[in-house]
Amino acid sequence: MIISRAPLSISLCGDGSDVRSFYEKFGGCVISTSIRKYAYVYLNPSFDKNSITLRYSETESVSEYKDIKHKYFRQVLRDFNVKGVEITSMSDIPSSAGFGSSSSFLVALLKLIHTYREEPINVYSLAQEASKIEIDELNSRIGKTDHFSSAFGGLRFYEYAKDGSVTVNPIVMSSESYRRLQNNLVMFYFKEDKTLETRFIDCGNKNMANDVIKQIGEKTRLLKTELESNNIDALGPILNDSWNMRAPVFDTGLNTNATSNYLLGISSGATGGKLFSVNGGYFLLFYVPSDDSREKVRKVFHDANEITFELDQAGCSIIFME
């Protein structure tokens, strides 16, 4: 048996600049952190060398790649010509809950397959391979950060060159600053009848969207400098500025409930926040710098589901092999 594990991630600033249509023209940068919520993939060799058994929310048992319903399994197993295996996937957070869960699963699956085939792969190549499969082969309209954050782990600054190469640098802070950052982040889940659209790539006004992403890129670089100067509280205002810059460029604008809840969090003591849209609802991440304010924010959102998490330092790894 082989078990791989890859962390889920939260991008803090710079979203949209990691999408090919943007970085190939302008370059881009994102600050993201992995969290201690993981995607796990297990592999056992099968007695039947021509069979493929897959277990996730469904169970599949096939002999031909084309018959696999799960598109990630189908693409990877076909690309690597792997049969005669039983593979099971699990996650600490459902795949529909955002946080790059599909990308984390793909990173963990690729790490598993390379290990099974006794092929060494470095972390950078793993991230690039995962992004290529999901974006190019599966035509997912996403950026590359989730793959890199899941592969590398930790709090990092990702810079995207026009040629598609990625420079990865850790955000270096004191241990006390890292502890404060984790302590001051509060997240809530809100159920919604429809999925909110928050991606720049669906914006009707591309020129306006590109201008906004450029401005947020400048904020992202500023945030890197502030964090590495241990000015953790700079995160809140920068998130708030980014929120206000993003809102006008969405096709349909921000959902009224999400906007109202965001403003309620700000009026209760948060200094900034971020929206994560998922199937059937959305998450609001707030930066709240004081204990009293965090209690106020939790009190006003007592009907919502608070999502507790810790920041992660480790990237994708093989956690068991026998």
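Quick note: structure is the one above.
Since the structure is predicted, the reported quantities are computational estimates derived from the model, not experimental observations.

(A) View of the overall build of the protein chain. Looking only at helices and strands, the protein chain has 10 helices and 12 strands in total. Relative to the 2.2 N^0.38 estimate, which gives 20 Å for 322 residues, the radius of gyration of the protein chain is 20 Å and therefore close to what a compact globule would have. Expressed along its principal axes, the backbone C-alpha trace of the protein chain runs to roughly 60 × 45 × 40 Å. Considering the protein chain as a whole, with its 322 residues, one finds that 53% of them fall into the buried category. When contacts within the protein chain are restricted to residue pairs at least 6 apart in sequence, those whose partners lie at least 24 apart make up 74%.

(B) Representation of the pattern of salt bridges within the structure. Evaluation of the coordinates by the stated rule reveals 17 salt bridges. Among the ionic pairs, Glu137 bridges to Lys132, the shortest N-O distance being 3.4 Å. Arg179 serves as the salt-bridge partner of Glu176, at 2.7 Å between the closest nitrogen and oxygen. With Glu176 and Arg179 both in helix H6 (residues 175-184), this residue pair falls 3 residues apart, about one helical turn. Here the salt bridges share partners, and the residues they tie into one network are Arg20, Glu24 and Asp136.

(C) Helix H5 (residues 145-152), seen in detail. The buried fraction of H5 is high, at 7 of 8 residues. Every buried residue of H5 is listed here: Thr145, His147, Phe148, Ser149, Ser150, Ala151 and Phe152. Positioned one or two residues after H5, Gly153 has a phi angle of 75°, which is positive.

(D) Fine view of the sheet that holds strand E8 (residues 185-191). An order of E9-E10-E8-E11 is seen for the 4 strands of this open sheet, with the pairing classed as antiparallel. Two strands close off the open sheet at either side, each with one partner strand: strand E9 (272-278) and strand E11 (305-306). With 7 bridges joining them, E8 and strand E10 (residues 281-287) adopt antiparallel strand pairing. When the bridges of E10 are listed, Val186 appears paired with Phe286. Against the sheet, helix H8 (residues 235-246) engages E8, E9 and E10, with an angle of about 55° to E9. Helix-sheet contacts for helix H9 (residues 256-267) involve E8, E9 and E10, and the interaxial angle to E10 is about 20°.

(E) Geometry of the packing of aromatic side chains. Inspection of the entire model under this criterion finds 17 aromatic pairs. For the pair Tyr23 and Tyr160, a centre-to-centre distance of 6.0 Å together with 25° between the ring planes defines the contact as stacked. Of this pair, Tyr23 sits in helix H1 (residues 20-26) while Tyr160 sits in strand E6 (residues 155-160); the two residues are 137 residues apart in sequence, bridging distant segments of the chain. For Tyr23, a relative accessible area of 4% puts it in the buried group. Relative accessible area serves as the criterion here: at 2%, Tyr160 is assigned to the buried category.

(F) Region of interest: helix H3 (residues 101-116). The first and last C-alpha atoms of H3 sit 22 Å apart over 16 residues, in line with the 22 Å expected at 1.5 Å per residue. Looking one or two places after H3, you find Glu118, whose phi comes out positive at around 55°.

(G) Here's a closer look at the pairing of strand E7 (residues 166-170). Direction of pairing for E6 relative to E7: antiparallel, over a ladder of 5 bridges. Opposite Arg156, over in E7, you have Pro170 as the bridge partner. The turn linking E6 back onto E7 is made up of 5 residues, and Gly164 within it adopts a positive phi angle of 95°.

(H) Layout of the side chain of Thr33. As for its placement among the helices and strands, Thr33 is situated in strand E2 (residues 28-45). For Thr33, a relative accessible area of 2% translates into the label buried.

(I) Representation of the packing of helix H4 (residues 123-137) against H5. Where H4 meets H5, the closest approach of the two axes is 8 Å, and the angle between their N-to-C directions is 150°. Between H4 and H5 lies a crossing of right-handed hand. Contact residues: H4 offers Val123, Tyr124, Leu126, Ala127, Gln128, Ala130, Ser131, Glu134 and Ile135, while H5 offers His147, Phe148, Ala151 and Phe152. Classifying every residue of the contact of H4 with H5 by side-chain character gives 9 nonpolar, 3 polar and 1 charged.

(J) Quick look at the environment of Ile238. Relative to the helices and strands, Ile238 resides in helix H8. Owing to a relative accessible area of 6%, Ile238 belongs among the buried residues under this scheme. When the C-alpha positions of Ile238 and Gly272 are compared, they lie 7.1 Å apart, and in sequence the two are 34 residues distant.

Rules used in this analysis
Residues numbered from 1 in each chain as written. Predicted model: local features only at pLDDT ≥ 70, side-chain atom pairs only at ≥ 80, totals over all residues. Heavy atoms only, no water. Helix = DSSP H or I, 4+ residues; strand = E, 2+ residues; numbered from the N terminus. Rg over C-alpha atoms; globule rule 2.2 N^0.38 Å. Buried < 20%, exposed > 50% of the residue type's maximum accessible area, 1.4 Å probe, protein only. Contact = heavy atoms within 4.5 Å. Salt bridge = Lys/Arg side-chain N within 4 Å of Asp/Glu carboxyl O. Pairing = 2+ DSSP bridges. Axes fitted to C-alpha atoms, helices over the stretch in contact; angles between N-to-C directions. Phe/Tyr/Trp six-rings, centres within 6.5 Å; stacked < 30°, edge-to-face > 60°. Expected span 1.5 Å × (residues − 1). Left-handed = near helix turned anticlockwise from the far one by under 90°. Nonpolar A, V, L, I, M, F, W, Y, C, P; charged D, E, K, R; others polar.

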